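So you can see what is in the structure, the chains are spelled out below.
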Amino acid sequence: MKVKKYLVKDMQQAIAQIKKDMGSEALIISQRWVRGKGFWGFFTRRLEVTAALEEGSRASFSQELQKELAAPLQELPKIAWGEKEIKASNMVSEKVFGESAKEVKETKTSLPQAVLVKENNALNSGKLFKLWRQKLLNLDLSEALAEKLLKAISEEVFKKEELISTTLVNYLISSLEPLYREIQTGQVISFIGPTGVGKTTTLAKLAAQLALNHQKKVAILTIDTYRIGAVEQLQTYAEIIGVPLQVVMSPNELSEALAKYMDRDYILIDTTGRPFTKVDQIEELKLFLTKIKEPHDTFLVLSSNTKSRDLLQATGYFSPCGYNKLIFTKTDETLTLGSILNVVNKVKLPVMYITNGQNVPDDIIPMEAGSLARLILRGVDL
Ligand code: GDP
């Protein structure tokens, strides 16, 4: 695998350079804004884009194969995020692994030679299916989701192993895209989630990026009334970034603070991490959040190094608060990110950011369908 970093003005420039350098099969693995070196560098930003190309992929892909690579994608049904689409993917699965197997049996007596070839193909695709199922399970995707993804892929793809990973990535991208359509950002953004996942740090990263890189007027509120240490930490960040911070201790105080900072472009709200299972605490948090009348985003912040089961439990626990977007932190602390997809599949909400380190404000990456799909399936070939 060839991996190369590009420092560019914007994504358009990156894509042009990557295409020229590595060809159109290169995948963008990550992107982040970086500052220049030295004092003046602090004020100049460049986009650092990392691209990768599988070794030999350009040489081994004949033009014909490349055409095939593009062809099945248009036929793929959307992944089963919704009820209707589940049916569509089931239909495909029957076709791929039901009817075709039946077809082989029925023609066995009349066309022995052709049948032999077909049986071999079916055997191979069966083997490849199993192999890829295991690869996806190794990424921590749930069994149901791994099978759903693979069954949605055309049978043809399983006859040529080199097509599988690209088809899978592209299929996942097209399936995630609907979640990212018509996304709007509210003026008020609150961060909820279990204790210690990185809510405060993530809020600080976003506040710094908005205030320093985008010259937005930002205010920070915190209803973190229990952990004095966390407020001090946030206070330090607020001072460095140069934005006001106010601690609110009751829903009415929150209303007053919101009214006070209504002239700000963004009001970011930190909340106390709630231990699981304490229903009364989630009700208390809900009382705070219902005070927000303005266009409002609630990010559910989860750590990607948490077990899938606990992540799914957290999505249920925080659901009374009505979150509408997701953030996954600590992607630098885990090798597998399939659990992110398990969560997305359950709550059908977009992951807006991932964070990949403790550095404020740099270790945060905005996500869209393409970057998320590539990130989750990274290393699937290992
Ligand atoms: P909160 O309780 O949810 O507000 O979590 P904090 O923001 O206080 O973070 C808890 C710990 O996680 C701190 O030590 C952070 O530096 C660390 N942390 C936050 N985000 C990341 C991340 O993306 N990667 C790593 N490795 N650590 C992180």
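Refer to the preceding data block for the structure.
Because the structure is a prediction, the values reported are computed rather than measured.

**Student:** When you look at the site of the ligand in this model, what are you seeing that I'm missing?
**Tutor:** Taken together, 18 residues are adjacent to the ligand, and Gly-196, Thr-200, Thr-201, Asp-332 and Thr-355 come closest. Within the contact set of the ligand, an oxygen atom lies 2.8 Å away from a backbone nitrogen or oxygen of Lys-199. Side-chain polar atom of Thr-200 to an oxygen atom of the ligand: 2.8 Å apart, as the coordinates give it. Relative to its unbound accessible surface of 580 Å², the ligand loses 85% to contact with the protein. Split into classes, the residues belonging to the shell around the ligand amount to 2 nonpolar, 10 polar and 6 charged.

**Student:** Before we go on, may I ask you to explain the pairing of strand E8 (residues 296–303) in this structure?
**Tutor:** Regular strands have side chains that alternate between both faces of the sheet. Extensive coverage of E8 is indicated by the burial of 7 of its 8 residues. Alignment of strand E4 (residues 188–192) against E8, held across 5 bridges, turns out to be parallel. The partner of Val-188 across the bridge, within E8, is His-296. Pairing geometry for E8 and strand E9 (residues 325–329), over 5 bridges, is parallel. Each bridged residue has a counterpart across the sheet, and for Leu-302 the counterpart in E9 is Phe-328. Note on the crossover from E8 through helix H13 (residues 308–317) to E9: the handedness is right-handed.

**Student:** Can you walk me through the packing of helix H7 (residues 143–151) against helix H14 (residues 338–347) in this structure?
**Tutor:** Working note: a packed helix pair is described by the angle between its axes plus the distance between those axes. In the contact formed by H7 and H14, the axes pass within 10 Å of each other and the chain directions differ by 85°. Classed by the angle they form, the pair H7 and H14 counts as roughly perpendicular. Contact with H7, carried on its side by Leu-145, Lys-148 and Leu-149, involves Leu-341, Asn-342 and Asn-345 of H14 and no other residues of that element. Each residue belonging to the contact of H7 with H14 can be placed in one class, and the counts come to 3 nonpolar, 2 polar and 1 charged.

**Student:** I would appreciate a short explanation of the side chain of Thr-329 in the present structure.
**Tutor:** Tracing the backbone shows Thr-329 in strand E9. Reaching out from Thr-329, the side chain makes a polar contact with the backbone oxygen of Val-197 at a distance of 2.6 Å. Setting aside its immediate chain neighbours within four residues, Thr-329 contacts Val-197, Gly-198, Thr-202, Val-301, Leu-302, Ser-303, Ser-304 and Thr-355.

**Student:** What is the right way to look at the packing of aromatic side chains in this model?
**Tutor:** Given two aromatic rings, one states the distance between the centres and the angle between the planes to describe the pair. Summed over all chains, the structure comprises 3 aromatic pairs. A centroid spacing of 5.5 Å and a plane angle of 45° characterise the contact between Phe-191 and Phe-299, whose relative ring orientation is tilted. Residue Phe-191 is found in strand E4, and its partner Phe-299 is found in strand E8; the two are separated by 108 residues along the sequence. We classify Phe-191 as buried; its relative accessible area is 0%. The buried category is assigned to Phe-299, whose relative accessible area is 4%. Ring centres of Tyr-317 and Phe-318 lie 4.9 Å apart, and the angle between their planes is 85°; this geometry places the pair in the edge-to-face category. As far as burial versus exposure is concerned, Tyr-317 and Phe-318 are alike and both buried. Here a set of aromatic residues connected by ring pairs shows up, and it is made of Phe-191, Phe-299 and Tyr-353.

Reading the values: the criteria
Residues numbered from 1 in each chain as written. Predicted model: local features only at pLDDT ≥ 70, side-chain atom pairs only at ≥ 80, totals over all residues. Heavy atoms only, no water. Near = heavy atom within 4 Å. Polar contact = N/O pair within 3.5 Å; in protein donor to acceptor, adjacent residues only side chain to side chain. Areas by Shrake-Rupley, 256 points an atom, 1.4 Å probe, with all protein chains shown as cover. Nonpolar A, V, L, I, M, F, W, Y, C, P; charged D, E, K, R; others polar. Buried < 20%, exposed > 50% of the residue type's maximum accessible area, 1.4 Å probe, protein only. Helix = DSSP H or I, 4+ residues; strand = E, 2+ residues; numbered from the N terminus. Pairing = 2+ DSSP bridges. Right-handed = clockwise from strand over helix to strand, strands pointing away. Axes fitted to C-alpha atoms, helices over the stretch in contact; angles between N-to-C directions. Parallel < 35°, antiparallel > 145°, perpendicular 65-115°, else oblique. Contact = heavy atoms within 4.5 Å. Phe/Tyr/Trp six-rings, centres within 6.5 Å; stacked < 30°, edge-to-face > 60°.

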